[in-house]
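Commentary on secondary and tertiary structure
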Amino acid sequence: MDIPRIFNITESAHRIHNPFTLEKLATLGAALRLESGDRVLDLGSGSGEMLCTWARDYGVIGTGIDMSQLFTEQAKLRAEELGVADRVEFIHGDAAGYVSDEKAGVAACLGATWIGGGVVGTIKLLAQSLRPGGIILIGEPYWRQLPPTENIAKECLADSISEFLMLPELLASFSQLGYDVVEMVLADQDGWDRYEAAKWLTMRRWLEANPGDELAKDVRAKLTSEPERHATYTREYLGWGVFALMPR
Ligand code: SAH
């Protein structure tokens, strides 16, 4: 079981697989007023940077589940490196339908809400692992500017304009589901560059090391087109943020 190989190639050097920087992750941890011993569940935990740094900085304990074998291995190594391997556990697997036995004070899904079939389904899934008074974290894109055409939405790698909302609408949608939005930390364009531009050097080096690979042609084409696509579309039209929710 694994995610499509192209992501394991292009994001192999990422510690954070979304437009958040290390500083934004730390800001989010501080904003949530985490306390030592708080339990955090992370669906689609990637390379584990959130759980590992929060375990180091705030003393949380936690579990991450991710379908990428590579990212899960990297998460375990990162936990060793930061000296928190006794506090955080990383499981390689499909997080769809995952409900934890021990309820969490923070139940998160950052940049992987397809795991629950979209934002609404993911909130419902996370709510099943949440202790009373706990906080759900959703990391999700929104439109900074509404794309004037469907083609522009596609160039932002969205399925359609309707896949994402504008920020006020996204916040309103949480409220309509019966949740208070109690915090939010938004990514910025520099964060998008860290996420997207970091793929370019990774792709270049991978191409040099793997010229005969079956994906070499695709990776070559991506490396050629991505900088301009990112600057024209994603960087201008897409925002991204983490929203902290508590049921009313
Ligand atoms: N939250 C992490 C990773 C976001 S990228 C971070 O912010 O760094 C999306 C992640 O979802 C990837 O790590 C990918 O491997 C994982 N993923 C995709 N489908 C999944 C599934 N069905 N179950 C668990 N993880 C999944």
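To start, this report covers the structure provided alongside it. All residue numbers refer to positions counted from 1 along the written sequence of the respective chain. Local features in this predicted model are restricted to residues whose pLDDT is 70 or higher, and side-chain atom pairs enter the listing and the counts only when it is 80 or higher, whereas totals over whole chains, interfaces and linings include all residues. Side-chain measures were taken over the full set of non-hydrogen atoms in the model, leaving aside hydrogen atoms and water.

1. Quick look at the overall build of the protein chain
Only runs of H or I of at least four residues qualify as helices and only runs of E of at least two qualify as strands under DSSP, and these elements are numbered from the N terminus. Assigned secondary structure in the protein chain consists of nine helices and seven strands. For the radius of gyration, the atom set is restricted to C-alpha positions; the globular benchmark scales as 2.2 Å times the number of residues to the power 0.38. Taking 2.2 N^0.38 as the reference for a compact globule, 248 residues should give roughly 18 Å; the C-alpha atoms of the protein chain span a radius of gyration of 18 Å, in line with that estimate. The buried share of the protein chain, taken over its 248 residues, is 50%. The protein chains shown are the only cover counted for residues, whose accessible areas, like all others here, come from Shrake-Rupley with a 1.4 Å probe. Accessible surface computed for the protein chain: about 11700 Å², of which carbon and sulfur atoms make up 52%. Of the charged side chains in the protein chain, 24 are positive and 36 negative; the average position of the first set lies 2 Å away from that of the second. Per-residue accessibility, obtained with a 1.4 Å probe over protein chains only, is compared with the maximum for each type, and a residue is labelled buried under 20%, exposed over 50%, and partly exposed between these values. His is not counted here, nor are the chain ends, while Lys and Arg score as positive and Asp and Glu score as negative. A charged residue contributes its charge at one atom only: NZ of Lys, CZ of Arg, CG of Asp or CD of Glu.

2. Structural notes on the state of the cysteines
Criterion for a disulfide: a pair of cysteine sulfur atoms within 2.5 Å. Applying the stated criterion across every chain, the model contains zero disulfides. Here C109 stays unpaired: no disulfide links it, and the sulfur of C52, its closest cysteine neighbor, is 17 Å away. On the basis of relative accessibility, which here comes to 0%, the residue C109 falls in the buried class.

3. A few points about the nonpolar core
Side-chain atoms within 4.5 Å link the members of a nonpolar core, which is a set of buried Ala, Val, Leu, Ile, Met, Phe, Trp, Tyr and Cys residues. In terms of nonpolar packing, the biggest core is built from 40 residues, with F20, L28, L32, W54, V88, L137 and W143 touching the most fellow members. It is helix α3 (residues 49–58) that provides the largest number of residues to this core, a total of five residues. In this analysis, two residues are considered to be in contact whenever any of their non-hydrogen atoms come within 4.5 Å of each other. Setting aside chain neighbours within four positions, we find L137 in contact with L28, L32, W54, V106, A107, A108, C109, L110, L126, V242, F243 and A244. Counting 23 residues, the second-largest nonpolar core is a separate cluster that includes A104, C109, L125 and L167.

4. A look at the packing of helix α2 (residues 22–31) against α3
Look at α2 against α3: their axes get within 10 Å of each other, and the N-to-C directions meet at 55°. Classified by the angle between their axes, α2 and α3 sit oblique to one another. Viewed along their axes, α2 and α3 form a crossing whose handedness is right-handed. Where α2 approaches α3, its residues L22, L25, A26, L28, G29 and A30 are matched on the opposing element by E49, M50, T53, W54 and Y58. Note on geometry: axes are lines fitted to C-alpha atoms, helical ones only across the stretch in contact, with angles between N-to-C directions running from 0 to 180 degrees. What sets the label is the angle itself: under 35 degrees gives roughly parallel, over 145 gives roughly antiparallel, 65 to 115 gives roughly perpendicular, and the rest give oblique. In this scheme the handedness of a crossing depends on how the near helix is turned from the far one: anticlockwise by less than a right angle means left-handed, clockwise means right-handed.

5. Comments concerning the packing of helix α8 (residues 189–209) against helix α9 (residues 216–237)
Contact pair α8 / α9: the axes reach a minimum separation of 9 Å and the direction vectors enclose 165°. Our classification of the angle between α8 and α9 gives roughly antiparallel. As α8 runs across α9, the sense of the crossing is left-handed. Contact residues: α8 offers Q189, D190, W192, D193, E196, W200, M203, R204, W206 and L207, while α9 offers A216, V219, R220, K222, L223, E226, P227, R229, H230, T234, R235 and E236. In this classification, the charged set is Asp, Glu, Lys and Arg, the nonpolar set is Ala, Val, Leu, Ile, Met, Phe, Trp, Tyr, Cys and Pro, and all remaining amino acids, among them Gly, are polar. Of the residues assigned to the contact of α8 with α9, the class counts are nine nonpolar, three polar and ten charged.

6. As for the site of the ligand
By convention in this text, a residue qualifies as near a molecule or strand provided that one of its non-hydrogen atoms is within 4 Å of it. Taken together, 19 residues form the shell around the ligand, and within it H17, N18, G44, D66 and D94 come nearest. Between N or O atoms, a polar contact is any pair within 3.5 Å; within protein, one atom must be a potential hydrogen donor and the other a potential acceptor, and residues adjacent in sequence are included only when both atoms are from side chains. For the ligand, an oxygen atom lies 2.3 Å from a polar atom in the side chain of N18. Between the ligand and W114 there is a distance of 3.1 Å, counted from a nitrogen atom to a side-chain nitrogen or oxygen. Here the ligand, which alone exposes 570 Å², has 90% of that area covered by the protein.

7. Some words on the side chain of E226
Within the secondary structure layout, E226 lies in helix α9. Since its relative accessible area comes to 9%, E226 is described here as buried. If near-sequence neighbours (up to four positions away) are discounted, E226 is found in contact with E196, W200 and M203.

Worth remembering: the numbers are spatial, not functional.
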